[in-house]
Amino acid sequence: MEPANLPAAGSLRPPPAESEQGFGFGRYGATGMTGGAALARQLDMWAANNGLPPTSDPRGLAIRLRYLARDEQGLAWLRLAQVTVTERTIARWRAARQRPLPANLRKIDQAFWACRRHNVVDYFKQVLWDDGRGTRIEIYPVDQQHVAPNRRRDLNVRVINVRTEWRRVVDAWNAGDQQALDDAWTYISDSLGSDHAAYRHVSHIGF
């Protein structure tokens, strides 16, 4: 079966960083990330079933190769990531009789994430929309431990129910469009009322 709507060769977005942490912003020392980046991170966690060993771990490599080798669609993603070895070599990788070179490990990771996102997009939209009921988001404010006490803001965990933005969010995540994710988060955070600007950056979110 040929995969549908595959991007052009060489245009696959990179996988999420395995050790990515919140990044700093602002002049007073608060740390966090944009709400759009937090949305992407949470969807990455969902796509990885909340945990995936790196390709440096034999289990992580085996999981990715098993997923990609299930059908012709997965193999097509490997080709789009410019993995040019023969299927016999891929079979040896799967059987742990041969280990890919570092360059191919990166490409396998890239192909896995592209394939995984492609496969879960419609499911994520359906689950998060939930027949119009939407999904509750827990919003954790920025980390202010390095902010001087007189500069800290009184911020608490906020909870909102999101109904209308999930198609936009999931499409932007699948495309790797950070600006679209940030724009969607601006719309979502506006429902926080007068506090909305304080939650444009967050430490993380949960849903």
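A few points on the structure. (Residues numbered from 1 in each chain as written. Predicted model: local features only at pLDDT ≥ 70, side-chain atom pairs only at ≥ 80, totals over all residues. Heavy atoms only, no water.)

1. Focus on the pattern of salt bridges
Pairing is possible between side chains that carry opposite charge, provided their charged atoms lie close to one another.
Link 1 in the chain: All chains considered together, the criterion is met by nine salt bridges.
Link 2 in the chain: Between Arg133 and Asp131 there is a salt bridge; the shortest N-O distance is 3.8 Å.
Link 3 in the chain: A relative accessible area of 59% means that Asp131 is categorised as exposed.
Link 4 in the chain: For Arg158, the salt bridge is made with Asp195, and the minimal N-O distance between the two is 3.1 Å. Taken together, the positions of Arg158 in strand β4 (residues 158-162) and Asp195 in the loop between α7 (178-189) and β5 (201-202) put the pair 37 residues apart, joining distant regions of the chain.
Link 5 in the chain: Looking at Arg158, the relative accessible area reads 24%, which means it is partly exposed.
Link 6 in the chain: Here the salt bridges do not stand alone but share partners, grouping Asp130, Asp131 and Arg133 into one network. (Salt bridge = Lys/Arg side-chain N within 4 Å of Asp/Glu carboxyl O. Buried < 20%, exposed > 50% of the residue type's maximum accessible area, 1.4 Å probe, protein only. Helix = DSSP H or I, 4+ residues; strand = E, 2+ residues; numbered from the N terminus.)

2. Topic: unusual backbone geometry
Link 1 in the chain: Of note, Gln82 is a non-glycine position whose phi angle comes to about 70°, a positive value.
Link 2 in the chain: In this structure, Gln82 sits in the loop between α3 (72-80) and α4 (87-94).
Link 3 in the chain: On the basis of relative accessibility, which here comes to 42%, the residue Gln82 falls in the partly exposed class.
Link 4 in the chain: Backbone geometry at Asp130 places phi at a positive 55°, although glycine is not the residue there.
Link 5 in the chain: Topologically, Asp130 is positioned in the loop between α5 (102-129) and β3 (135-140).

3. Some details on the packing of aromatic side chains
Link 1 in the chain: Per the counting criterion, the structure on display carries seven aromatic pairs.
Link 2 in the chain: A centroid spacing of 5.4 Å and a plane angle of 80° characterise the contact between Trp46 and Phe124, whose relative ring orientation is edge-to-face. Taken together, the residues Trp46 in helix α1 (residues 35-47) and Phe124 in helix α5 connect sequence positions 78 residues apart.
Link 3 in the chain: Above the plane of the ring of Phe112 lies Arg64, whose end atom (NZ or CZ) is 5.5 Å from the centre.
Link 4 in the chain: The cationic tip of Arg70 hangs over the ring face of Tyr67; the distance from NZ or CZ to the ring centre is 4.2 Å. (Phe/Tyr/Trp six-rings, centres within 6.5 Å; stacked < 30°, edge-to-face > 60°. Lys NZ or Arg CZ within 6 Å of the ring centre and 35° of its normal.)

4. Re α5
Within an α-helix, residues lying three or four positions from one another point in the same direction, as the helix has 3.6 residues per turn.
Link 1 in the chain: Here α5 is 28 residues long and its end C-alpha atoms lie 39 Å apart, about the 40 Å a rise of 1.5 Å per residue gives.
Link 2 in the chain: The principal kink in α5, of about 45°, is found at Val120.
Link 3 in the chain: In the stretch just after α5, Asp130 is the one whose phi turns positive, near 55°. (Expected span 1.5 Å × (residues − 1). Bend = angle between axes of the 7 residues up to and from the residue.)

5. A short note on the sheet that holds β3
Link 1 in the chain: Strand order in this open sheet of three strands is β4-β3-β6, and the pairing throughout is antiparallel. Since the sheet does not close on itself, it has two edges, and those belong to β4 and β6 (204-206), each with one partner. Across the sheet, the mean angle from the axis of one strand to that of its neighbour is 25°, orientation sign disregarded.
Link 2 in the chain: Where β3 meets β4, five bridges bridge the pair, whose relative direction is antiparallel. Across the sheet, Glu138 pairs through a bridge with Val159, a residue of β4. (Pairing = 2+ DSSP bridges. Axes fitted to C-alpha atoms, helices over the stretch in contact; angles between N-to-C directions.)

6. Some points on the side chain of Thr34
Link 1 in the chain: Residue position: Thr34 is located in strand β2 (residues 31-34).
Link 2 in the chain: You can call Thr34 buried: its relative accessible area is 18%.
Link 3 in the chain: Engagement of the side chain of Thr34 in a polar contact is seen with the backbone nitrogen of Ala37, the distance being 3.0 Å. (Polar contact = N/O pair within 3.5 Å; in protein donor to acceptor, adjacent residues only side chain to side chain.)

7. Comments concerning the packing of α1 against helix α6 (residues 166-175)
Link 1 in the chain: Taken N-terminus to C-terminus, the directions of α1 and α6 make an angle of 75°; their axes are 10 Å apart at the nearest point. Judged by the inter-axis angle, α1 sits roughly perpendicular to α6. Mapping the contact onto sequence places Leu39, Ala40, Leu43, Asp44 and Ala47 in α1 and Trp166, Val169 and Trp173 in α6.
Link 2 in the chain: Taken together, the residues of the contact of α1 with α6 sort by class into seven nonpolar, no polar and one charged. (Parallel < 35°, antiparallel > 145°, perpendicular 65-115°, else oblique. Contact = heavy atoms within 4.5 Å. Nonpolar A, V, L, I, M, F, W, Y, C, P; charged D, E, K, R; others polar.)

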